[in-house]
Amino acid sequence: MGPRSRVLCALVLLLCVVCPDQATATKYDALYKDPSQPVGVRVQDLLKRLTLDEKLGQMTQIEMTVANASVIEKYDIGSVLSGGGSIPAPNATAAQWINMTDYFQSGALKTRHGIPEIYGIDAVHGHNNVYGATIFPHNVGLGCTRDPALLKRIGAATALEVRATGIPYVFAPCIAVCRDPRWGRCYESYSEDPDVVKSLTTIIDGLQGTPPKGWKGPYVQNSRRVAACAKHFVGDGGTQGGIDEGNTVVSYEELVNIHMKAYPDAIARGVSTIMASYNSWNGVKMHANKFLLTDVLKGQLGFKGFIISDWQGVDRISEPWGVNITNSTELALNAGIDMIMVPYNYTGFLDVAKQLIAEKKVPMSRIDDAVTRILRVKFEMGLFEKPYGDKSLKNYIGALSHRSLAREAVRKSLVLLKNGKTGSKPLLPLSKGAKKILVVGAHANDIGLQCGGWTITWQGMPGNITKGTTILEGIKKTVNSKTKVVYKANPSKGDAKNKGYQYAIIVVGEQPYAEFNGDNKNLTVPDPYPELIKDTCSHVRCVVVMVSGRPLVVEPFVDHMDAFVAAWLPGTEGNGIADVLFGKYDFQGKLSRTWFKRVDQLPMNVGDKDYDPLYPFGFGLKMGLES
Ligand code: GLC
């Protein structure tokens, strides 16, 4: 290289260091197309080329069932999503997923500036819409692990399985701080304690990769990671009575110190997007709250990614939902929402938005802020350079290494609440060499029940809904080959009497649910399980394994149990439970939530005065295995 070239290169290099947002010379026909340009330069160069229609298109997210390549091209759609359970075909393969996402992307790349759309999906405990994907324990169980490094590993595994389907964006993690287990989404919350939630934002590093020291703004390491979404900002877990999408009535100090506490960590980890919450704060809908979305989140906390609405979150600003959508849209856009998860009536949204701008009810500066943020995420994550799916990743879906990680997460999430009746020796660890044992309860032999909501479908369901190992299969694989394992999903009264069982494992709990369908005012253990427990345990020593999204009312019959284990919603790797019941590993889980005595105590959280739990936050026994 001659002296002149060396001087020129040095000058260019100096320019990049001194003013990183300054353009350098480019061989492309537009600066934004040049991946060597600083992201800020690319964003500004592209923004100035966009028409209003193209800008509004970028702010529009539509559901895949109303999407096709020509709609995406015609309306410059910025994002497509799969709602819960929205799939290309039953039991779709990675190839079928990528064919779908690539088809949508082909429409986006045909637009005037070829801006790739970003496809989003709820991968909230693994890639849970996808048949055969690894399903990890739901967050309530992961909170009991108190293991930030584990969460990071789970995030990385999840990112690979999501990318294997051609998807670069997930609506996770939920960093709600659930303060009332009557809330149907409490299992999506890591804990009632904001510091536990904050400590587990490490999952973002797994999903997106860890940004370089001092990094500011959204970050996605490469095309084997995904853009994440911290949700739902803010106060989703604090509504009165745990009513989903209800009203969180707390002081600003409590909102910040409890419900907002994990967000600065998420932002520092480079979280690319944040989802606005359905709930209201002191009567004002979060989707219409300019102070919290713009002044606090974008201003004080310095969030530089984009804020996405929740599903029809704009419509739900008004009661009943959807009335006066023009006013709701004006409120949401001016509050600081950048991308609207419409997700169906996108022409309606576009028409209303254009009208609001024409009437100067929404300033162009707001639109430009939103589009700047959306483009920043897309450029930063390399979506312009790699817009299509990577078919080489297909074997990561349900990979053995991921299932092994999930099995580890299961056993670390289990909490031993009781082991031995007063005056009797502990029951656990169970003997692997028993002559004959009894296993009862539907939850022992049902993948769908052990996974819970947000699995294959939005609400989840019982049955053999995906690949995995049931709790019963795990038990059978662990006991000696000569041990006779008798399984009864629904035993009759007295079934356990005088049958020579050395012990019984009773696996019961909740039916799957999601969101408002899980709101529950009495939190009792569903019938016939209380009677089943009392009857079985009256005839044979018993351990009860509770498969639930939250603590339930067990005080009336806990004395009948010889041992009691909270298993939460463990996901596909049910063998993680046998790993601990039979002593291969000791318990390490500590309650992430207070286990109350009676529902009339609620809400009751660690630190409250008159704190009178059955088992306190942080409680968890060990079997005391020889290490
Ligand atoms: C749902 C949930 C949100 C989810 C979104 C897309 O209603 O509130 O957590 O990410 O819609 O499925």
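Residues numbered from 1 in each chain as written. Predicted model: local features only at pLDDT ≥ 70, side-chain atom pairs only at ≥ 80, totals over all residues. Heavy atoms only, no water.

A. Representation of the site of the ligand in the model. Neighbouring the ligand are Asp-122, Phe-171, Arg-185, Lys-231, His-232, Met-275, Tyr-278, Asp-310, Trp-311, Met-341, Trp-454 and Glu-515. In this structure, an oxygen atom belonging to the ligand sits 2.5 Å away from a side-chain N or O atom of Asp-122. Measuring from an oxygen atom of the ligand, one finds a side-chain N or O atom of Lys-231 at 2.9 Å. Burial of the ligand by the surrounding chains reaches 96%, relative to a free accessible area of 310 Å². Classifying every residue of the shell around the ligand gives six nonpolar, one polar and five charged. (Near = heavy atom within 4 Å. Polar contact = N/O pair within 3.5 Å; in protein donor to acceptor, adjacent residues only side chain to side chain. Areas by Shrake-Rupley, 256 points an atom, 1.4 Å probe, with all protein chains shown as cover. Nonpolar A, V, L, I, M, F, W, Y, C, P; charged D, E, K, R; others polar.)

B. Looking closely at the UniProt feature "domain: Glycoside hydrolase family 3 N-terminal" (unreviewed entry) in the protein chain. Within this numbering scheme, the UniProt entry marks residues 51-377 as carrying the feature "domain: Glycoside hydrolase family 3 N-terminal" (unreviewed entry). The straight-line gap between the two end C-alpha atoms of residues 51-377 is 20 Å; of that span, 39% is helix and 10% is strand. (UniProt positions renumbered as here; feature names shortened; annotations may be inferred. Helix = DSSP H or I, 4+ residues; strand = E, 2+ residues; numbered from the N terminus.)

C. Structural view of the environment of Gly-509. Inspection of the secondary structure assignment puts Gly-509 in strand E15 (residues 504-509). We classify Gly-509 as buried; its relative accessible area is 1%. Gly-509 sits 77 residues away from Lys-432 along the chain, and the two C-alpha atoms are 25 Å apart. Dropping the residues within four chain positions of it, Gly-509 is found in contact with His-443, Pro-526, Tyr-529, Met-546 and Val-547. (Buried < 20%, exposed > 50% of the residue type's maximum accessible area, 1.4 Å probe, protein only. Contact = heavy atoms within 4.5 Å.)

D. Local environment of the environment of Gly-270. Here Gly-270 is to be found in the loop between helix H11 (263-268) and strand E7 (273-276). Between the alpha carbons of Gly-270 and Val-66 there is a distance of 31 Å; along the sequence they are 204 residues apart. Residues within four places of Gly-270 in sequence aside, it is in contact with Gln-208, Pro-211, Gly-217, Pro-218 and Tyr-219.

E. How the structure looks around the packing of aromatic side chains. Throughout the structure, instances matching the rule amount to 17 aromatic pairs. When the centroid spacing of 5.5 Å and the interplanar angle of 80 degrees are considered together, the rings of Phe-564 and Trp-595 count as edge-to-face. Here Phe-564 is found in strand E17 (residues 563-566), whereas its partner Trp-595 is found in the segment after helix H20 (575-581), with 31 residues between them in sequence. Take Phe-564: its relative accessible area is 0%, and that puts it in the buried class. Residue Trp-595 is classed as buried on the basis of its relative accessible area, which comes to 0%. With centroids separated by 5.5 Å and ring planes inclined at 20 degrees, the aromatic side chains of Tyr-615 and Phe-619 adopt a geometry described as stacked. What makes Phe-619 partly exposed here is its relative accessible area of 25%. In this structure an aromatic cluster arises from ring pairing among Phe-564, Trp-568, Trp-595, Tyr-615 and Phe-619. Seen from the ring of Phe-384, Arg-42 lies directly overhead, with NZ or CZ sitting 5.9 Å from the centre. Over the face of the ring belonging to Trp-454 we find Lys-231, whose NZ or CZ atom lies 5.8 Å from the ring centre. (Phe/Tyr/Trp six-rings, centres within 6.5 Å; stacked < 30°, edge-to-face > 60°. Lys NZ or Arg CZ within 6 Å of the ring centre and 35° of its normal.)

F. Inspection of the pattern of salt bridges at higher detail. Following the criterion strictly, the structure yields 37 salt bridges and no others. Residue Lys-55 pairs with Asp-368 through a salt bridge whose shortest N-O separation is 2.8 Å. Here the residue Lys-55 occupies a position in helix H3 (residues 52-58), and Asp-368 occupies one in helix H15 (residues 364-380), the gap between them amounting to 313 residues. Accessibility expressed as a relative area gives 10% for Lys-55, which makes it buried. A salt bridge links Asp-612 to Lys-597; the nearest nitrogen and oxygen atoms lie 2.7 Å apart. A residue pair is termed long-range when its members are at least 10 positions apart, and Asp-612 in the segment after H20 and Lys-597 in the segment after H20 qualify at 15 residues. For Lys-597, a relative accessible area of 18% puts it in the buried group. (Salt bridge = Lys/Arg side-chain N within 4 Å of Asp/Glu carboxyl O.)

G. Structural detail: H15. The end-to-end C-alpha distance of H15, which contains 17 residues, comes to 24 Å, matching closely the 24 Å that a straight helix rising 1.5 Å per residue would cover. Among the 17 residues in H15, 12 count as buried, and that is most of the element. If you check which residues of H15 are buried, you get Arg-366, Ile-367, Ala-370, Val-371, Thr-372, Arg-373, Ile-374, Leu-375, Val-377, Lys-378, Phe-379 and Glu-380. Directly beyond the C-terminal end of H15, a positive phi value near 80 degrees is found at Gly-382. (Expected span 1.5 Å × (residues − 1).)

H. Structural detail: the sheet that holds strand E8 (residues 280-281). Pairing in this open sheet of three strands is mixed, and the strands run E6-E8-E9 from one edge to the other. Where the open sheet ends on each side, the last strands, each with one partner, are strand E6 (247-248) and strand E9 (284-285). The pairing of E8 with E9 spans two bridges and is classified as antiparallel. Across the sheet, residue Ser-280 finds its bridge partner in E9, namely Lys-285. (Pairing = 2+ DSSP bridges.)

I. Seen up close, the environment of Arg-225. Positionally, Arg-225 belongs in the loop between helix H9 (202-208) and strand E5 (229-233). A C-alpha to C-alpha distance of 8.8 Å links Arg-225 and Met-381, two positions 156 residues apart in sequence. Discounting residues that sit within four places of it in the chain, Arg-225 has contacts with Ala-156, Ala-159, Arg-163, Asp-205, Gly-206, Leu-207, Gln-208, Gly-209 and Val-220. Side-chain polar atoms of Arg-225 contact the backbone oxygen of Gly-206, separated by 2.8 Å. Engagement of the side chain of Arg-225 in a polar contact is seen with the side chain of Gln-221, the distance being 2.9 Å.

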